Amino acid sequence: MTDAGQFAAWVSDEAKALFLEHAKAPVPPTDLAELREFYDVYNRGLLAKALDRYAVTIVEGELAGIGIHDVVPAEGVKSPMTLICLHGGGFMWGDGAGALLEAVPIAAVAGARVIAVDYRMAPEHIFPAAVDDILAVYTALLETQEPRSIGIFGCSAGAMLASEAVARIASEQLPVPGAIALFHGAGLEFDGDSVLAAQILDPKLAQQGGALPKMEDFAYFAGADANDPLVLPGRHPGCLAHFPPTLLVTAMRDFAASAVSVMHRRLLAAGVDASFVLFDGLWHAHHMDVDLPESRETYDIVARFFRRHLR
């Protein structure tokens, strides 16, 4: 059996140390209110590091009646593109500070405006509430911007929502965004060999029992039909054919790696311009910590991708 503490030489020292620290961290609580508070404290700590490294201006407000964080580089926007950021958190937590963890560094590195969306979450709100909110923000942006200048990105649950949003946009015959990026999640259920591998390679997952919830176990999908292309678009080639250029990023120790990899193959089969990046030795949502060299590499990859495809 592979020792989860062993790493290849190309994994940064910072990542090695953080992974071992992550393995010793407290197990998250199961009570929802406590869980949201737990991750809010955790995310605020990560956000403080991001704000120390990246100079941005953040304006809290609403767009189309939806709560947003409007993030721009402190030195000014250098790109005509606007990016919509969708946070992760099992569809149940991650708003506020969590919504800014990716928005801050990517806005700074890309020199672009990033709108982080505080979409409605489960269990108070179920599918398609979050997608409704994302669609409202997107259509509001279309009033002032061409779709080719708008991008959407998200991590984990946010990546699933980004996929669902594109499927919904296409189904309503609206112009799709110029490009999207999916991190550590996709328009598919979390399944495959990576789920099994993560139970060995990620000791934190093992501490929590090793099992991952199926799609039907997520409160957000209560009553949803897994065969609906608006729920899991990765199952439907006809739906995927409408996707814009897509960047997919995951990591070898990420339980979502199989889903992301299969999504990439299915996008290619559907004729979509899709790119896939796999970080060896890293884990789910690794890029949330700006201190990792691999995180900063991720931001550069994302910025270059959107600059290449958005006009």
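Everything discussed here concerns the structure shown above.
These notes cover the structure that comes with them. (Residues numbered from 1 in each chain as written. Predicted model: local features only at pLDDT ≥ 70, side-chain atom pairs only at ≥ 80, totals over all residues. Heavy atoms only, no water.)

Glancing now at the sheet that holds strand β2 (residues 66-73). One open sheet holds the eight strands; their spatial order is β1-β2-β4-β3-β5-β6-β7-β8, and the pairing between them is mixed. The open sheet terminates on both sides in strands that have one partner only, identified here as β1 (56-63) and β8 (274-279). Ignoring which end each strand starts from, the neighbouring axes of this sheet average 20 degrees apart. As defined by bridge partners, strand β6 (residues 179-183) adjoins strand β7 (residues 246-251) across four bridges and the pair is classed as parallel. Among the inter-strand pairings, Ala 181 is bridged to a residue of β7, identified as Leu 247. Packed on one face of the sheet, helix α4 (residues 103-110) meets β1, β2, β3 (82-86), β4 (113-117), β5 (150-155) and β6 and runs near 40 degrees to β2. Most of the contacts of helix α10 (residues 257-269) go to β7, to which it runs at about 155 degrees, and overall it touches β6, β7 and β8. (Pairing = 2+ DSSP bridges. Helix = DSSP H or I, 4+ residues; strand = E, 2+ residues; numbered from the N terminus. Axes fitted to C-alpha atoms, helices over the stretch in contact; angles between N-to-C directions. Contact = heavy atoms within 4.5 Å.)

The next point concerns the side chain of Asp 254. Inspection of the secondary structure assignment puts Asp 254 in the loop between β7 and α10. No salt bridge is formed by the buried Asp 254, whose closest oppositely charged neighbour, Arg 253, lies at an N-O distance of 11 Å. At a separation of 2.9 Å, a polar atom in the side chain of Asp 254 contacts the side chain of His 184. Setting aside residues up to four positions removed in sequence, Asp 254 forms contacts with His 184, Ser 194, Leu 282, Trp 283 and His 284. (Buried < 20%, exposed > 50% of the residue type's maximum accessible area, 1.4 Å probe, protein only. Lys, Arg positive; Asp, Glu negative; His and termini not counted. Salt bridge = Lys/Arg side-chain N within 4 Å of Asp/Glu carboxyl O. Polar contact = N/O pair within 3.5 Å; in protein donor to acceptor, adjacent residues only side chain to side chain.)

The next point concerns a nonpolar patch on the surface. Among the surface-exposed residues, Met 252, Phe 276 and Leu 278 lie close enough to one another that they form a single nonpolar patch of about 240 Å² accessible area. With respect to the element layout, Phe 276 can be found in strand β8. (Patch = residues over 30% accessible without salt bridge, like charges linked within 9 Å, V, L, I, M, F, W, Y side chains within 5 Å. Areas by Shrake-Rupley, 256 points an atom, 1.4 Å probe, with all protein chains shown as cover.)

Let's shift gears to the nonpolar core. Membership of the largest hydrophobic core comes to 54 residues, with the highest contact counts inside it found for Ile 84, Leu 161, Tyr 220, Phe 221, Phe 243 and Met 263. In terms of residue count, helix α6 (residues 157-171) provides more of this core than any other element does, nine residues in total. Residue contacts for Ile 84: discarding those within four places in its chain leaves Ile 115, Val 117, Val 137, Tyr 138, Leu 141, Ile 150, Gly 151, Ile 152 and Phe 153. One finds Val 11, Ala 107, Phe 279 and Leu 292 within the second-largest nonpolar core, a separate group that totals 48 residues. (Core = buried A, V, L, I, M, F, W, Y, C linked by side-chain atoms within 4.5 Å.)

This next bit is on the environment of Asp 191. Along the polypeptide, Asp 191 turns up in the loop between β6 and α7 (193-201). On the accessibility criterion, Asp 191 (39% relative accessible area) is partly exposed. It is 26 Å that separates the C-alpha atoms of Asp 191 and Lys 16, two residues lying 175 residues apart in sequence. Excluding its chain neighbours within four sequence positions, the residues that come into contact with Asp 191 are Lys 214, Ser 258 and Ala 259.

Take Leu 32: it is sitting in helix α2 (residues 32-53). Along the sequence, Leu 32 and Met 92 sit 60 residues apart, while their C-alpha atoms lie 8.2 Å from each other. Look past the residues within four positions of Leu 32 in its chain and what remains in contact with it is Met 92 and Pro 123.

Once that is clear, we can look at helix α1 (residues 13-24). Each α-helix winds once per 3.6 residues, and so residues spaced three or four apart point in a common direction. Taking 1.5 Å per residue, twelve residues should reach 16 Å; α1 reaches 17 Å between its end C-alpha atoms and fits that length. Among the residues of α1, those classed as buried are Ala 15, Phe 19 and Ala 23. Buried positions in α1, seen along its axis, are confined to an arc of 75 degrees and lie on one side of it. Opposite its buried face, α1 presents the exposed residues Asp 13, Glu 21 and Lys 24, each directed more than 90 degrees away. (Expected span 1.5 Å × (residues − 1). Arc of directions from axis to C-beta.)

A word on unusual backbone geometry. In this chain, Ala 122 is followed by Pro 123 through a cis amide linkage whose omega measures 0 degrees. Look at the link from Phe 127 to Pro 128: it is a cis peptide, with omega at 10 degrees. Residue Gln 173 is not a glycine yet carries a positive backbone phi of 60 degrees. Mapped onto the elements of the fold, Gln 173 is located in the loop between α6 and β6.

So, on to the pairing of β5. The element β5 is extensively covered by neighbouring structure, given that six of its six residues are classed as buried. Both β3 and β5 contribute to a ladder of five bridges, which runs parallel. Across the sheet, residue Leu 86 finds its bridge partner in β5, namely Gly 154. Inspection of the sheet shows β5 paired to β6 by five bridges, in the parallel sense. Bridging across to β6, Gly 151 finds its partner in Ala 179. Read as a crossover between parallel neighbours, the route from β5 over α6 to β6 is right-handed. (Right-handed = clockwise from strand over helix to strand, strands pointing away.)

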